[in-house]
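# Survey of secondary and tertiary structure
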Amino acid sequence: MKCVFVTVGTTSFDDFIACVSAPDSLQKIESLGYNRLILQIGRGTVVPEPFSTESFTLDVYRYKDSLKEDIRKADLVISHAGAGSCLEALEKGKPLVVVINEKLMNNHQLELAKQLHKEGHLFYCTCSTLPGLLQSMDLSTLKCYPPGQPEKFSAFLDKVVGLQK
(Lines give C-alpha, C1' and ligand atoms only; values in the text may rest on other atoms or scores of the structure.)
Protein backbone atom coordinates (compact mmCIF):
# COMPACT_ATOMS: atom_id res chain seq x y z
CA MET A 1 0.00 0.00 0.00
CA LYS A 2 1.60 3.28 -1.13
CA CYS A 3 1.03 6.04 1.38
CA VAL A 4 1.14 9.83 1.44
CA PHE A 5 1.50 11.47 4.86
CA VAL A 6 0.43 15.10 5.25
CA THR A 7 1.38 17.10 8.35
CA VAL A 8 0.77 20.62 9.62
CA GLY A 9 2.64 20.01 12.89
CA THR A 10 1.19 21.76 15.94
CA THR A 11 -0.26 24.65 13.93
CA SER A 12 -3.39 25.05 11.86
CA PHE A 13 -3.18 25.37 8.08
CA ASP A 14 -6.76 24.97 6.91
CA ASP A 15 -6.11 26.07 3.32
CA PHE A 16 -3.53 23.29 2.96
CA ILE A 17 -5.79 20.59 4.44
CA ALA A 18 -8.75 21.77 2.32
CA CYS A 19 -6.58 21.74 -0.81
CA VAL A 20 -4.97 18.32 -0.30
CA SER A 21 -8.29 16.68 0.65
CA ALA A 22 -10.30 18.22 -2.22
CA PRO A 23 -11.75 15.62 -4.62
CA ASP A 24 -9.44 16.64 -7.50
CA SER A 25 -6.35 16.35 -5.26
CA LEU A 26 -7.47 12.95 -3.96
CA GLN A 27 -7.99 11.80 -7.54
CA LYS A 28 -4.54 13.10 -8.53
CA ILE A 29 -2.88 11.36 -5.55
CA GLU A 30 -4.63 8.10 -6.42
CA SER A 31 -3.68 8.44 -10.11
CA LEU A 32 -0.02 8.64 -9.04
CA GLY A 33 -0.33 5.17 -7.53
CA TYR A 34 -0.93 6.06 -3.89
CA ASN A 35 -3.81 4.32 -2.15
CA ARG A 36 -3.64 5.82 1.32
CA LEU A 37 -3.57 9.42 2.53
CA ILE A 38 -3.00 10.21 6.20
CA LEU A 39 -3.78 13.80 7.27
CA GLN A 40 -2.39 15.20 10.51
CA ILE A 41 -4.49 18.37 10.84
CA GLY A 42 -3.23 19.94 14.07
CA ARG A 43 -5.59 22.51 15.56
CA GLY A 44 -7.28 23.35 12.25
CA THR A 45 -11.00 23.79 11.74
CA VAL A 46 -11.09 21.91 8.41
CA VAL A 47 -11.69 18.27 9.35
CA PRO A 48 -12.12 16.04 6.29
CA GLU A 49 -14.33 12.99 6.70
CA PRO A 50 -12.24 9.79 6.79
CA PHE A 51 -13.29 7.13 4.28
CA SER A 52 -12.19 3.86 2.80
CA THR A 53 -13.00 2.34 -0.58
CA GLU A 54 -11.58 -0.72 -2.32
CA SER A 55 -8.82 1.40 -3.84
CA PHE A 56 -8.23 4.33 -1.48
CA THR A 57 -8.23 5.20 2.24
CA LEU A 58 -8.25 8.62 3.88
CA ASP A 59 -7.30 8.76 7.57
CA VAL A 60 -7.45 11.95 9.64
CA TYR A 61 -6.17 12.84 13.11
CA ARG A 62 -5.15 15.96 15.03
CA TYR A 63 -2.11 14.95 17.09
CA LYS A 64 -0.03 11.98 18.15
CA ASP A 65 2.82 11.87 20.64
CA SER A 66 5.14 11.19 17.71
CA LEU A 67 4.84 11.35 13.93
CA LYS A 68 7.84 9.03 13.48
CA GLU A 69 5.78 5.97 12.59
CA ASP A 70 3.62 7.79 10.03
CA ILE A 71 6.73 9.30 8.44
CA ARG A 72 8.46 5.91 8.42
CA LYS A 73 5.49 4.27 6.65
CA ALA A 74 5.06 7.10 4.13
CA ASP A 75 6.23 6.85 0.54
CA LEU A 76 5.77 10.64 0.22
CA VAL A 77 5.52 13.35 2.88
CA ILE A 78 3.67 16.60 2.15
CA SER A 79 4.30 19.06 4.96
CA HIS A 80 3.90 22.62 6.08
CA ALA A 81 7.24 24.41 6.00
CA GLY A 82 8.00 24.20 9.72
CA ALA A 83 11.69 23.47 10.28
CA GLY A 84 11.05 20.54 12.63
CA SER A 85 8.63 18.81 10.26
CA CYS A 86 10.94 19.31 7.28
CA LEU A 87 14.00 18.04 9.10
CA GLU A 88 12.19 14.98 10.48
CA ALA A 89 11.05 13.88 7.01
CA LEU A 90 14.40 14.64 5.35
CA GLU A 91 16.39 12.78 8.02
CA LYS A 92 14.21 9.71 7.41
CA GLY A 93 15.09 9.89 3.71
CA LYS A 94 11.52 10.51 2.61
CA PRO A 95 10.60 12.39 -0.56
CA LEU A 96 9.25 15.73 0.66
CA VAL A 97 6.90 18.34 -0.75
CA VAL A 98 6.63 21.49 1.36
CA VAL A 99 3.54 23.69 1.13
CA ILE A 100 4.20 27.32 2.02
CA ASN A 101 1.65 29.20 4.11
CA GLU A 102 1.41 32.50 2.25
CA LYS A 103 -0.62 34.06 5.08
CA LEU A 104 2.34 34.09 7.47
CA MET A 105 4.15 37.39 7.92
CA ASN A 106 7.97 37.51 7.64
CA ASN A 107 7.89 34.17 5.92
CA HIS A 108 11.09 32.44 7.00
CA GLN A 109 9.45 29.18 5.96
CA LEU A 110 9.66 30.26 2.32
CA GLU A 111 13.38 31.00 2.66
CA LEU A 112 13.98 27.60 4.25
CA ALA A 113 12.01 25.77 1.55
CA LYS A 114 13.75 27.69 -1.25
CA GLN A 115 17.21 26.85 0.10
CA LEU A 116 16.45 23.15 0.63
CA HIS A 117 14.91 23.03 -2.87
CA LYS A 118 17.98 24.73 -4.34
CA GLU A 119 20.10 22.02 -2.71
CA GLY A 120 17.83 19.39 -4.32
CA HIS A 121 16.31 17.96 -1.13
CA LEU A 122 12.63 18.81 -1.62
CA PHE A 123 9.95 20.37 -3.79
CA TYR A 124 7.92 23.32 -2.56
CA CYS A 125 4.71 25.02 -3.62
CA THR A 126 1.71 26.94 -2.36
CA CYS A 127 -1.78 25.55 -1.87
CA SER A 128 -2.80 26.79 -5.30
CA THR A 129 0.18 25.20 -7.08
CA LEU A 130 0.13 21.86 -5.18
CA PRO A 131 -2.04 19.95 -7.71
CA GLY A 132 0.21 20.98 -10.61
CA LEU A 133 3.36 20.10 -8.68
CA LEU A 134 2.00 16.66 -7.76
CA GLN A 135 1.41 16.04 -11.47
CA SER A 136 4.80 17.31 -12.69
CA MET A 137 7.30 16.41 -9.94
CA ASP A 138 9.90 13.70 -10.44
CA LEU A 139 10.77 12.31 -7.01
CA SER A 140 13.79 10.47 -8.43
CA THR A 141 15.57 13.81 -8.87
CA LEU A 142 15.63 14.52 -5.12
CA LYS A 143 18.92 14.15 -3.25
CA CYS A 144 19.17 12.52 0.15
CA TYR A 145 19.60 14.98 3.00
CA PRO A 146 22.92 14.30 4.75
CA PRO A 147 22.00 12.72 8.10
CA GLY A 148 23.37 13.57 11.51
CA GLN A 149 24.31 17.20 10.96
CA PRO A 150 21.80 19.10 13.10
CA GLU A 151 24.38 21.81 13.83
CA LYS A 152 24.54 22.68 10.11
CA PHE A 153 20.75 22.83 9.94
CA SER A 154 20.66 24.92 13.10
CA ALA A 155 23.27 27.35 11.73
CA PHE A 156 21.32 27.60 8.47
CA LEU A 157 18.11 28.34 10.39
CA ASP A 158 19.85 31.00 12.49
CA LYS A 159 21.00 32.66 9.27
CA VAL A 160 17.53 32.50 7.70
CA VAL A 161 15.78 34.03 10.69
CA GLY A 162 18.44 36.71 11.09
CA LEU A 163 20.12 35.54 14.28
CA GLN A 164 23.46 35.21 12.50
CA LYS A 165 25.06 36.97 9.55
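Residues numbered from 1 in each chain as written. Predicted model: local features only at pLDDT ≥ 70, side-chain atom pairs only at ≥ 80, totals over all residues. Heavy atoms only, no water.

Our working definition: UniProt positions are given in the numbering used here, feature names are shortened, and annotations may be inferred rather than shown by experiment.
The name an unreviewed UniProt entry assigns to the protein is UDP-N-acetylglucosamine transferase subunit ALG13, from the organism Colobus angolensis palliatus. Per UniProt, the comment on the protein under Sequence similarities (unreviewed entry) is "Belongs to the glycosyltransferase 28 family." What the UniProt record of the protein gives under Subcellular location (unreviewed entry) is the line "Endoplasmic reticulum".

## Description of the pairing of strand S6 (residues 96–99)
To keep things clear, this is the line we draw: For the exposure calls, accessible area comes from a 1.4 Å probe over protein chains only, and a residue counts as buried if that area is under 20% of its type's maximum, exposed if over 50%, partly exposed in between. Only runs of H or I of at least four residues qualify as helices and only runs of E of at least two qualify as strands under DSSP, and these elements are numbered from the N terminus. Here a strand pair is declared whenever DSSP counts at least two bridges between the two strands. By definition, the crossover connecting two strands over a helix is right-handed if that path, from the first strand to the second, turns clockwise as seen with the strands pointing away from the viewer.
Side chains of S6 alternate between two faces, with Leu 96 and Val 98 and Val 97 and Val 99 buried alike. Bridging between strand S5 (residues 76–80) and S6 involves 4 bridges; their strand directions are parallel. Each residue of the ladder has a partner; that of Ser 79, found in S6, is Val 98. With helix H4 (residues 83–91) bridging S5 and its parallel neighbour S6, the resulting β-α-β unit is right-handed. Pairing of S6 with strand S7 (residues 123–125), which is carried by 3 bridges, proceeds in the parallel orientation. Among the inter-strand pairings, Val 99 is bridged to a residue of S7, identified as Cys 125.

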